Amino acid sequence: MAKKGDWVRIHKIILKAEERTGKLPEDTQKVPLEMWTKGYLLADAEIGDEVEIESVNGRHETGTLIEVNPYYTHNFGTCVPELLAIDQQVRRIVFGGEK
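Our subject in this report is the structure included herewith. (Residues numbered from 1 in each chain as written. Predicted model: local features only at pLDDT ≥ 70, side-chain atom pairs only at ≥ 80, totals over all residues. Heavy atoms only, no water.)

**A word on unusual backbone geometry**
Backbone geometry follows two general trends: most residues other than glycine have a negative phi, and most peptide bonds adopt the trans configuration. Basically, it comes down to this: Strands here mean DSSP runs of E at least two residues long; helices mean DSSP runs of H or I at least four residues long; both are numbered from the N terminus.
A positive phi angle, near 55°, is found at asparagine 69, a position not held by glycine. By secondary structure assignment, the location of asparagine 69 is in the loop between β4 (60-68) and α2 (81-95).

**Some words on the sheet that holds strand β3 (residues 50-54)**
The cut-off we apply is this: Only strands joined by at least two bridges in the DSSP assignment are considered to pair. In this description, a line fitted to the C-alpha atoms serves as the axis of each element, helices being fitted only across the stretch in contact, and the angle between N-to-C directions of two axes falls anywhere from 0 to 180 degrees.
Ordered by their spatial adjacency, four strands build a closed barrel running β1-β2-β3-β4, and the pairing between neighbours is antiparallel. On average, adjacent strands in this sheet sit at an angle of 55° to one another, irrespective of strand direction. Pairing analysis gives five bridges linking β3 to β4, with the strands arranged antiparallel. Counted as the bridge partner of isoleucine 53 is glutamate 61 from β4.

**Details of the environment of alanine 43**
Summarising the element assignment, alanine 43 is placed in the loop between β2 (33-41) and β3. Separated by 39 residues in the primary sequence, alanine 43 and lysine 4 have C-alpha atoms spaced 4.4 Å apart.

**Section: the pairing of β4**
Examined bridge by bridge, strand β1 (residues 7-15) and β4 share four bridges and lie antiparallel to one another. Across the sheet, valine 8 pairs through a bridge with valine 68, a residue of β4.

**Focus: the pattern of salt bridges**
Convention followed: Counted as salt bridges are all cases of a side-chain nitrogen of Lys or Arg within 4 Å of a carboxyl oxygen of Asp or Glu. Three labels apply to residues, based on accessible area from a 1.4 Å probe with only protein chains included: buried if under 20% of the type maximum, exposed if over 50%, partly exposed otherwise in between.
Under the counting rule described, the total for this entry stands at four salt bridges. Glutamate 26 is the partner of lysine 30 in a salt bridge, and the nearest nitrogen-oxygen pair spans 3.6 Å. The pair lysine 30 / glutamate 26 is uniform in exposure class, with both members exposed. Notably, a salt bridge pairs glutamate 61 with arginine 59, separated by 3.3 Å at the nearest N-O pair.

**Considerations on the nonpolar core**
Just so we agree on the cut-off: The set of buried Ala, Val, Leu, Ile, Met, Phe, Trp, Tyr and Cys residues whose side-chain atoms join them within 4.5 Å is what this entry labels a nonpolar core. Residue contacts are defined here by distance: any two heavy atoms, one from each residue, within 4.5 Å place the two residues in contact.
Judged by nonpolar contacts, Ala2, Val8, Ile10, Leu41, Ala45, Val51, Ile53 and Leu65 together constitute the single largest core of eight residues. Counting residues per element, the ones that place at least two in this core are β1 and β3. Residues within four places of alanine 2 in sequence aside, it is in contact with Leu41, Asp44, Ala45, Leu65 and Val68.

Next up, the structure:
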């Protein structure tokens, strides 16, 4: 259960695929225009409920509650040893040594 005031993420379909303009690439026309946004929950709710949130800049949005306390899960991959060597080369060229 998500409580009023919790930081949450919601999802909303802005335009269905058939409502989108014909001036888009063909593959883009086939999918809906979707929105995911974060904000503070304005009333207690469960995941999957239609809710209203207030964003950090005060905008109110409605959508389906999909996550409580969302966080970033992406990364930049594994270490690339060649980039470490390039870093040292650039530092020598720009700064005249390893700083």
